Amino acid sequence: MASNMHVVMLPWSAFGHIIPFFQLSVALAKAGVRVSLVSTPRNIQRLPKPPLNLSSMIKLVELPFPMMEEGKILPEGAEATVDLPFEKIQYLKVAFDLLQQPFEQYVADASPDWIIVDFFPHWVAEICREYGVPLVFFSVLSASTVAFLGRVDGGRPSRRRSAESMMSPPEWITFPSSVAFKGFEVKALNYGDTTDEASGTSAAARYAKIVDASQAVAVRSCVEFEGEYLNVFGNLMGKPVIPVGLLPPEKPPEETETRDSLWEENFKWLNKQKPKTVVFVGFGSEYELTKDQVHEIAYGLELSELPFLWSLRKPNWAVEDDDALPSGFRDRTFGRGIVYIGWAPQMEILAHPSIGGSLFHSGWGSIIETLQFGHCLVVLPFIYDQGLNARLVVEKGLAVEIERGRDGSFSREDIAKSLRFAMVSEEGEKLRMRAREAAAIFGDTKLHQDHYIGGFVQYLKNGLAKQR
C-alpha cells in the first residue's frame, strides 16, 4: 500500500480533462494513494461522487473562482469550457492563470509528495521548484495523438514547418500510419497562431514548460492498443513515459436509478429492441453543431432505417427543443428512434444490451467508454484531437469514418451508408468482430488497475525513496 503518499492534481478547466483526472484519482486511491483533486467550485460540484469506500482517500479541493478585470468578465457560473462559446474561452484561460497564487498557497499548506498536472498551468513548474515537489505531466490524449504532435521546443512543435506538414504523419513515425489531420481540421486549429489573445501564452509554450519541468509523462493509454505509438512518444520525450492504462469508467450496476421519469421511458423503449441493433448518437457538449449539421445527421438516421437513441445538446440557435430538428422528423421516426435534448446517462445507455454501435465525435474518452462494451464505431470528428483519434480507430479496424468534403461538410447519404455498413452489412462483420474483441482490452479493469496503475504507483514510490 502507498497510503503515506499524497498526490495533488490540477487539470485544465475542460471536462474532457477534468473527468480523466478524476478517473486517475479514483484509480490511485484504489491503489492506496491519497489524492487531492483541485479545481474551482462549480467544476468540483459537477463531478461524480467518489466511491464511498474511497471517500477518505480522495479530497476534492475547491479554489475560489478568480475575480476578473472589466472587459474579461465571464458569465456567472461559467468555470469550464462547456459553459462558454469558443470565443470566450480565452478569458477562461486568463481566469485559470489567476489560480497560481491560491494553488501555491494550497501546495505550501498541504506539502504533497507529487503534483500531477495538465498541459495548461505552466506556472506550476515554478511552484514545484520553490517547494521541492516533483512534477508529473498527465496527458489525457491518446498516445497516437501526442506522438503525432511530437516534442515541443521553444514553444513550437519540433520539426513542424507548415500547416501542410500536419496533414501527413511526421518523419519520426517510421511505421505505416494514417494518423494525421485533414485540411479543414488544420484550418480550424489555426495552426501557426502561437499566442492566445487574452492570456498572452500559447498552448505549445505552456506544454513545453510543463514537460521540461516534469520528472515523467503519464499517458492515458496501454501497450496492448497503442504500443507502437507509445514507443515513438517515449523516444521523443527523453524522460520516462508511463502508460497509466485506459482508465475505463466503472460499469453501471444492472439496476440503476435513472435521473428522471423520462429516462425510465427511454430505457423501457431500449428494453423492447433486439440485442446489438440500436445506434447511440452523441456529440458531447464541447462543440455546438450547426443547423445544417444537425439536419444532415437527422436525415442520415432517417435514411439508415436503423433504430437509434440520440442525445442532443440543445443548440443556441434553437428557441424550443423541437426547433433543433427537421420539420416532421420525430413523427417520421416515431417508434424507431428517440431524440433526447439534454444530458444523458451515457454509460448506462452504452451498457444496455440493445446498443450495438455509436455515431459520435471520436473523443478519446468516448472511444474508451464505447469500446469497453464492444460496440462498433461510426466517427464524425469536429474539433481538437478528434480527427486524429478517428484515423487511429479506423486504422485499427474498429471504425468507419464519415466521408467529408474539402470544407468538412458531409451528407445524409454518407451518414446512412456508414451506419448500415457498420451495423448490419455483411461487409461490416469484420469491423463488428474486431470491436467485440477490443472489449477484452478496453474493459479489462484488472489490466488497467493492477498492471498499469500498479506500475505508475511503484514509479511514484521509487521516486520518493530516491529523494529521501
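Residues numbered from 1 in each chain as written. Predicted model: local features only at pLDDT ≥ 70, side-chain atom pairs only at ≥ 80, totals over all residues. Heavy atoms only, no water.

A. Seen up close, the sheet that holds strand β5 (residues 135-139). Strand order in the open sheet made by the seven strands is β3-β2-β1-β4-β5-β8-β9, with parallel pairing throughout. Every other strand in the sheet has two partners, leaving β3 (58-62) and β9 (241-243) as the edge strands with one partner each. Taken over all neighbouring pairs, the strand axes of this sheet differ in orientation by 25° on average, direction set aside. Two elements, strand β4 (residues 114-117) and β5, share three bridges in a ladder whose sense is parallel. Within the sheet, the bridge partner assigned to Val-117 lies in β5 and is Phe-137. Contacting β1 (6-10), β2 (34-39), β3, β4 and β5, helix α1 (residues 15-30) crosses the sheet at an angle of about 165° to β2. (Pairing = 2+ DSSP bridges. Helix = DSSP H or I, 4+ residues; strand = E, 2+ residues; numbered from the N terminus. Axes fitted to C-alpha atoms, helices over the stretch in contact; angles between N-to-C directions. Contact = heavy atoms within 4.5 Å.)

B. Here's a closer look at the side chain of Glu-79. Here Glu-79 is to be found in the loop between β3 and α3 (89-97). Within the buried set, Glu-79 has no salt-bridge partner at all; the shortest N-O distance to an opposite charge, 5.8 Å, is to Arg-46. Filtering out sequence-adjacent residues up to four positions away, Glu-79 remains in contact with Ser-13, Thr-40, Pro-41, Arg-42, Asn-43, Arg-46, Phe-65 and Leu-92. (Buried < 20%, exposed > 50% of the residue type's maximum accessible area, 1.4 Å probe, protein only. Lys, Arg positive; Asp, Glu negative; His and termini not counted. Salt bridge = Lys/Arg side-chain N within 4 Å of Asp/Glu carboxyl O.)

C. The arrangement of the packing of helix α4 (residues 100-110) against helix α5 (residues 124-131) in detail. The interhelical angle for the contact between α4 and α5, taken along N-to-C directions, is 30°, at an axis separation of 11 Å. Considering their axes alone, α4 and α5 lie roughly parallel with respect to each other. For the crossing formed where α4 meets α5, the hand is right-handed. The segment α4 lies against α5, with Gln-100, Phe-103, Glu-104, Val-107 and Ala-108 engaging Val-124, Ile-127, Glu-130 and Tyr-131. A class-by-class count of the residues in the contact of α4 with α5 yields six nonpolar, one polar and two charged. (Parallel < 35°, antiparallel > 145°, perpendicular 65-115°, else oblique. Left-handed = near helix turned anticlockwise from the far one by under 90°. Nonpolar A, V, L, I, M, F, W, Y, C, P; charged D, E, K, R; others polar.)

D. Structural context of the environment of Leu-464. Within the secondary structure, Leu-464 is located in helix α18 (residues 445-467). C-alpha separation for the pair Leu-464 and Ser-36, spaced 428 residues apart in sequence, amounts to 18 Å. Excluding residues that lie within four positions of it along the chain, Leu-464 makes contacts with Met-5, Asp-113 and Trp-114.

E. How the structure looks around the pairing of β5. By the criterion of burial, β5 is predominantly enclosed, with five of the five residues buried. Every second residue of β5 is oriented toward a common face, with Leu-135, Phe-137 and Ser-139 on one face and Val-136 and Phe-138 on the other, all of them buried. The handedness of the β4 to β5 crossover, carried by α5, is right-handed. As paired elements, β5 and strand β8 (residues 216-219) share four bridges and run parallel to each other. Opposite Val-136, over in β8, you have Ala-216 as the bridge partner. (Right-handed = clockwise from strand over helix to strand, strands pointing away.)

F. Representation of the packing of aromatic side chains in the model. Taken as a whole and judged by the stated rule, the model has 19 aromatic pairs. Note on Phe-175 and Tyr-229: the rings are 5.0 Å apart at their centroids and 75° apart in plane angle, and the pair reads as edge-to-face. Of this pair, Phe-175 sits in the loop between β7 (156-157) and α7 (183-189) while Tyr-229 sits in helix α9 (residues 223-237), and the two are 54 residues apart along the sequence. In this structure Phe-175 comes out as partly exposed when scored by relative accessible area, which is 22%. On the basis of relative accessible area, Tyr-229 is assigned to the buried category, the value being 0%. Counting every residue linked through ring pairs, the aromatic cluster contains Trp-12, Phe-96, Phe-103, Phe-119, Phe-120 and Trp-123. The cationic tip of Lys-396 hangs over the ring face of Phe-225; the distance from NZ or CZ to the ring centre is 5.3 Å. (Phe/Tyr/Trp six-rings, centres within 6.5 Å; stacked < 30°, edge-to-face > 60°. Lys NZ or Arg CZ within 6 Å of the ring centre and 35° of its normal.)

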